[in-house]
Number of protein chains: 2
Amino acid sequence: MPMFEIFETFITAQGDFTEEDLRLLRSHTTVKKIRRKEFLLQEGEICRYKIFVAKGLLKTYVVRHDGVEHILRFSPENSWATDHESMKTQTPTRINIEALENTEVILWTRESLDESCKTVPAFQTYMGRLMENALRITHERVLINLSYTTEEKYEDFITSFPDVFNRVPLHMVASYLGVSRETLSRIRHARIKQ
Amino acid sequence: MPMFEIFETFITAQGDFTEEDLRLLRSHTTVKKIRRKEFLLQEGEICRYKIFVAKGLLKTYVVRHDGVEHILRFSPENSWATDHESMKTQTPTRINIEALENTEVILWTRESLDESCKTVPAFQTYMGRLMENALRITHERVLINLSYTTEEKYEDFITSFPDVFNRVPLHMVASYLGVSRETLSRIRHARIKQ
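Each chain carries its own residue numbering, running from 1 in the direction its sequence is written. Here the convention is simple: chains get letters from A, ligands get numbers from 1, in the order in which they are written. This being a predicted model, a pLDDT of at least 70 is required before a residue's local features are given, and a value of 80 or more before pairs of side-chain atoms are given or counted; all residues contribute to the totals for chains, interfaces and linings.

Here's the deal with the environment of B:Glu155
All names here are of chain B.
Okay, so step 1: Starting at the N terminus, helices and strands are each numbered in turn, a helix being any DSSP run of H or I of at least four residues and a strand any DSSP run of E of at least two. Along the chain, the position of Glu 155 falls in helix H6 (residues 150-160).
Okay, so step 2: Using a count of 14 C-beta atoms within 10 Å as the deciding quantity, one classes Glu 155 as partly exposed.
Okay, so step 3: Glu 155 sits 33 residues away from Arg 188 along the chain, and the two C-alpha atoms are 9.9 Å apart. In this scheme the burial state of a residue depends on its C-beta neighbours within 10 Å: 20 or more other such atoms mean buried, 12 or fewer mean exposed, and anything in between means partly exposed; the C-beta positions come from the backbone.

Right under this line is the structure:
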């Protein structure tokens, strides 16, 4: 399926979009194919795009001064990635967005995102809901970080992201959950034995 | 200062509000005084209010099945508290909102919040920005949870919430940061010695 049609199928399930709305949205975006290990954003840059993943998988992460990588988010098909803060305030980002697989994305600049929201009310409504969802999920993540045991974190990850789980190595799951690879490996073995 | 005037002072610094806007907002809200240790929301209830703190301090937390309390948020003067998810979907909450001091709050129900946003565009704009900020802060918190050392978490808390820090016992700071009270106590002593 051509890339923008994947987005059309996705977005028309999220609200009432007319043919004209879809034409407008298409006119405000660019599509791009990137290869595995290619970056869409690197620390120190100003974030230029809000990214929709039509195909593939992105990893959003920070690297601490001790060189350790912490994964903030996985973005598989039909999900989004960006650094809102950097994009909005035009300040350098601390995050990196890298493709874990060959990936196809649809890109909005800050201007084209504003324009899309202004000219397509259903898109603005969707963006508001996307923000609310992101807040809900991030609150949930804080709660999980604080209060779940490692076993519970692992179970929750498998349930919440079944398709991501099968596509990334265990050390990345550990990095996302903020637990050691060894502990996670032990839990997985215990789980398989059951 | 009467309670609603505290809110007026706060909100007029956030956008362009007319006298009529303020009158409308006032008509959509109720004010309430609650005593220390009183609850505004308890686990199992459906969240009824979006809460603005005019005076005092609230604590938002969950209790895990093992009885351990995890603090999600402190809300001092001029900040907000609620469970959006429970309020929006009318489902029972898992969180508790409790006063840590005698507290004065302004309350919006779901209906009055919708009404306020509909009739006062500047309030809707502010609410959108509040949501964006909440998302930014919560993302930041995930990052801190995952990647900061306990020392760094403690330093960041002191810098980010200087007035909260002086008003809550150390074990609550530990609960908020997701670190043990003993570790935090050790860090504080080392810091005082410096």
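Concerning the environment of B:Asn145
Okay, so step 1: For B:Asn145, the location among the structural elements is in helix H5 (residues 121-147).
Okay, so step 2: With 34 residues separating them along the chain, B:Asn145 and B:Val179 place their C-alpha atoms 9.6 Å apart.
Okay, so step 3: With near-sequence residues (within four places) excluded, B:Asn145 lies in contact with A:Val142, A:Asn145, A:Gly178 and B:Gly178. Residues are treated as contacting if the C-beta atoms built from their backbones sit within 7 Å of each other.

Thoughts on the packing of helix H8 (residues 170-177) of chain B against helix H9 (residues 181-193) of chain B
Residue and element names in this part refer to chain B.
Okay, so step 1: Closest axis-to-axis distance for the H8/H9 pair is 9 Å, and the angle between their directions is 115°. By the angle class used here, H8 and H9 are roughly perpendicular. Considering the relative orientation of H8 and H9, their crossing is right-handed. Where H8 approaches H9, its residues Leu 170, His 171, Val 173 and Ala 174 are matched on the opposing element by Arg 181, Leu 184, Ser 185 and Arg 188. Axes here mean lines fitted to C-alpha atoms, for a helix over just the part in contact, with angles spanning 0 to 180 degrees between N-to-C directions. Reported orientations rely on four angle classes, namely roughly parallel under 35 degrees, roughly antiparallel over 145, roughly perpendicular from 65 to 115, and oblique for the rest. The crossing is said to be left-handed when, going from far helix to near helix, the turn is anticlockwise and less than a right angle, and right-handed when the turn is clockwise.

A closer look at the interface of chain A and chain B
Okay, so step 1: Tallying the contact residues gives 20 residues for chain A and 20 residues for chain B.
Okay, so step 2: Among the elements of the structure, strand S5 (69-76), helix H3 (84-89) and helix H5 (121-147) of chain A are those that each provide at least two residues to the side of chain A that touches chain B.
Okay, so step 3: Examining the composition of the side of chain A that touches chain B, we find that 13 residues originate from one element, H5(A), more than from any other.
Okay, so step 4: Side-chain classes are defined by residue name, with Ala, Val, Leu, Ile, Met, Phe, Trp, Tyr, Cys and Pro counting as nonpolar, Asp, Glu, Lys and Arg as charged, and the others, Gly among them, as polar. Taken together, the residues of the side of chain A that touches chain B break down into eight nonpolar, seven polar and five charged.

Let's talk about the pairing of strand S8 (residues 103-108) of chain B
Okay, so step 1: Relative to S8(B), strand S1 (residues 30-34) of chain B is paired through five bridges, and the arrangement is antiparallel. If you follow B:Thr30 over to S8(B), its bridge partner there is B:Leu107. Pairing between strands requires that DSSP locate at least two bridges from one strand to the other.

Some words on the confidence of the model for chain A
Okay, so step 1: Across chain A, the average pLDDT comes to 94, with 100% of residues at or above 70.
Okay, so step 2: Predicted complex, confidence summary: ipTM 0.81, pTM 0.86. Residue-level confidence of the predictor, termed pLDDT, takes values from 0 up to 100.

Things to note about the sheet that holds strand S2 (residues 39-41) of chain B
Okay, so step 1: Within the open sheet, the four strands sit side by side as S2-S7-S4-S5 (chain B). Their pairing is antiparallel. Each having just a single partner strand, S2 and strand S5 (69-76) of chain B make up the two edges of the open sheet. For this sheet, the mean inter-axis angle between neighbouring strands, taken without regard to orientation, is 25°.
Okay, so step 2: The pairing of strand S4 (residues 57-63) of chain B with S5(B) spans seven bridges and is antiparallel. By the bridge assignment for S5(B), B:Val62 is matched with B:His70.
Okay, so step 3: Along the sheet, H5(A) contacts S4 and S5 of chain B; its crossing angle with S5(B), the most-contacted strand, is approximately 130°.

Quick word on the sheet that holds strand S6 (residues 79-81) of chain A
Residue and element names in this part refer to chain A.
Okay, so step 1: Spatially, the four strands line up as an open sheet ordered S1-S8-S3-S6, and their pairing is antiparallel. Every interior strand has two partners, whereas the edge strands, strand S1 (30-34) and S6, have only one. Neighbour to neighbour, the strand axes of the sheet diverge by 35° on average, direction disregarded.
Okay, so step 2: Note that strand S3 (residues 50-55) and S6 share three bridges and pair antiparallel. For Ile 51, the partnering residue across the bridge sits in S6 and is Ala 81.

Notes on the relation of the copies chain A and chain B
Okay, so step 1: Note on the identical chains: chain A maps onto chain B by a rotation of 180° and an axial translation of 0.0 Å, with an RMSD of 0.0 Å. What the superposition gives is, in effect, a two-fold axis relating one chain to the other. Proximity to the rotation axis, assessed at the C-alpha, singles out A:Leu135 in chain A; its C-alpha lies 2.6 Å from the axis.
Okay, so step 2: Comparing contact sets, 100% of the residues at the interface of chain A also lie at the interface in chain B, consistent with an isologous, same-surface contact. Only residues with pLDDT of at least 70 in both copies count here: their C-alpha atoms drive the least-squares fit that superposes the copies.

What to know about the packing of H5(A) against H5(B)
Okay, so step 1: Across the interface, H5(A) lies against H5(B) with an axial gap of 9 Å and an inter-helix angle of 30°. Between H5(A) and H5(B), the angle falls in the class roughly parallel. Crossing hand, H5(A) versus H5(B): left-handed. Contacts between H5(A) and H5(B) involve A:Met131, A:Glu132, A:Ala134, A:Leu135, A:Thr138, A:His139, A:Arg141, A:Val142 and A:Asn145 from the former and B:Met131, B:Glu132, B:Ala134, B:Leu135, B:Thr138, B:His139, B:Arg141, B:Val142 and B:Asn145 from the latter.

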